[in-house]
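Structure assessment
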Amino acid sequence: MDTDATFMAQAIEVAGAARYRSSPNPWVGAVVVAEGRVVGAGATSPPGGAHAEVVALAEAGEQARGATLFTTLEPCCHEGRTGPCTTALVGAGISRVVVGVADPDPDVAGGGIAALSGAGVEVEVGVGAEAVGEQLRPYLHHRRTGLPYVVLKLAATLDGRIAATDGSSTWITGAEARQDVHRLRAQSDAVCVGAGTIRADNPRLTVRDWPGAEAAGARDPRRVVLGQIPEEARVSPARSHEGPLDGLLSGLGDDGVVQLLVEGGADVAGRFHRAGLVDRYVIYLAPAILGGDDSVPMMAGPGSSTMADAARGRFTSITPLGDDLRIDMVLDI
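My aim in this report is to walk through the structure given alongside it, one point at a time.

Rules of the game
- Residues numbered from 1 in each chain as written.
- Predicted model: local features only at pLDDT ≥ 70, side-chain atom pairs only at ≥ 80, totals over all residues.
- Heavy atoms only, no water.
- Pairing = 2+ DSSP bridges.
- Helix = DSSP H or I, 4+ residues; strand = E, 2+ residues; numbered from the N terminus.
- Axes fitted to C-alpha atoms, helices over the stretch in contact; angles between N-to-C directions.
- Contact = heavy atoms within 4.5 Å.
- Buried < 20%, exposed > 50% of the residue type's maximum accessible area, 1.4 Å probe, protein only.
- Expected span 1.5 Å × (residues − 1).
- Arc of directions from axis to C-beta.

Observations regarding the sheet that holds strand β1 (residues 29-34)
- With respect to topology, 5 strands assemble into an open sheet ordered β2-β1-β3-β4-β5, the strand pairing being mixed. One side of each edge strand has no neighbouring strand; the edge strands of this open sheet are β2 (37-43) and β5 (122-125). With direction set aside, neighbouring strand axes in the sheet form an average angle of 15 degrees.
- Of the strand pairs in this sheet, β1 and strand β3 (residues 68-73) are connected by 4 bridges, and their pairing is antiparallel. Along β3, the bridge assignment pairs Val31 with Phe70.
- Of the strands in this sheet, β1, β2, β3, β4 (96-101) and β5 touch helix α1 (residues 3-15), which is tilted by about 140 degrees from β1.

Written out as structure tokens, the structure is:
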């Protein structure tokens, strides 16, 4: 692996620390390298706090002068709750900046790169771009479209069933998979279910069962219920929504929801899927078989009439979790 790729990989690793605390800001990692070694590292602080580049510069101190900074995302160049990172980089005497991906946010959108270049800083863009793009996929989607990145989560048996004939679904998967669902909630700004799920299961939809939540600084997501929220529902406080799903997504995007986790049952899953609103499918598959056609399928409602119309994509990861599998899939674009 070449040197630039090695240091960018370290910046990507550092960025992981900010994944659960920085939204709606991007979870960015940065490292300062002087004479072939890392002298400063930083990740994005919670909203209102320092950006990754500034944290890394503070740790590097005077060693930043003449050094190279590796950052997963283009440094900001505008005044917000914090000052421009480009100004901090130039003031610290950084001579070279290596950027993973450009920032599509309208307040940046190449302006950070231009500001650095105009100040005489050497800038290289695209190192580790594929890995950074995957790590920042929800943020990049939100900034490009104004809409949340929608993750549809389902837990199913090997034959694709999410509940038995009597409606029971507790528990399809084991403890490890259920903990991972709570971690997935921690990565999301909001979680959406149908009112039927609230009536049947009365879930809290929190991150309480993920052991790493407190250490990561994770917060419970906002809760959205499609339909009327029953009194005394444990999901409260929650927002009720009735109407088109695209209107829901537009409002959530405007409100800073970068990632929306959809955890509803077969009806809600089918509605989001048929509307083409799902960006990532996360299926927890258990080594169990209900058999027959009278149990509940993953999605209710009409499906594709021919194989030619099937929604096709690619698996981005297949992860064992105890006896279960987590399968991540994105659709072809």
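Observations regarding the pairing of strand β12 (residues 280-286)
- When you tally the buried positions in β12, you get 7 out of 7 residues, the bulk of the element.
- A two-sided burial pattern is seen for β12, the buried positions comprising Arg280, Val282, Tyr284 and Ala286 on one face and Tyr281, Ile283 and Leu285 on the other.
- Alignment of strand β6 (residues 149-157) against β12, held across 7 bridges, turns out to be parallel. The residue of β12 that forms the bridge with Leu152 is Tyr281.
- As judged from the 5 bridges shared by β12 and strand β15 (residues 324-331), these two strands associate in the antiparallel manner. The residue of β15 that forms the bridge with Tyr284 is Arg326.

Some remarks on the side chain of Thr206
- On the secondary structure map, Thr206 appears in the loop between α8 (195-201) and α9 (213-216).
- Residue Thr206 is classed as buried on the basis of its relative accessible area of 11%.

A closer look at the sheet that holds strand β10 (residues 239-241)
- Spatial strand order, β10-β9-β8-β11-β6-β12-β15-β14: 8 strands in an open sheet with mixed pairing. Each edge of the open sheet carries a strand with a single partner, namely β10 and β14 (313-321). Neighbouring strand axes in the sheet, compared pairwise and without regard to direction, differ in orientation by 25 degrees on average.
- Inspection of the sheet shows β14 paired to β15 by 8 bridges, in the antiparallel sense. The residue of β15 that forms the bridge with Arg314 is Val330.

So, α1
- Helix length check: α1 (13 residues) gives 19 Å between terminal C-alpha atoms against 18 Å at 1.5 Å per residue, within 8%.
- The complete set of buried residues in α1 reads Asp4, Phe7, Met8, Ala11, Ile12 and Ala15. Buried residues of α1, viewed axially, fall in a sector of 150 degrees; they line one side. In α1, the exposed residues that point more than 90 degrees away from the buried face are Thr3 and Glu13.
- Against β1, β2, β3, β4, β5 and α5 (129-135) lie the buried residues of α1.

So, to be careful, I would describe these as geometric facts and stop short of saying anything about function.
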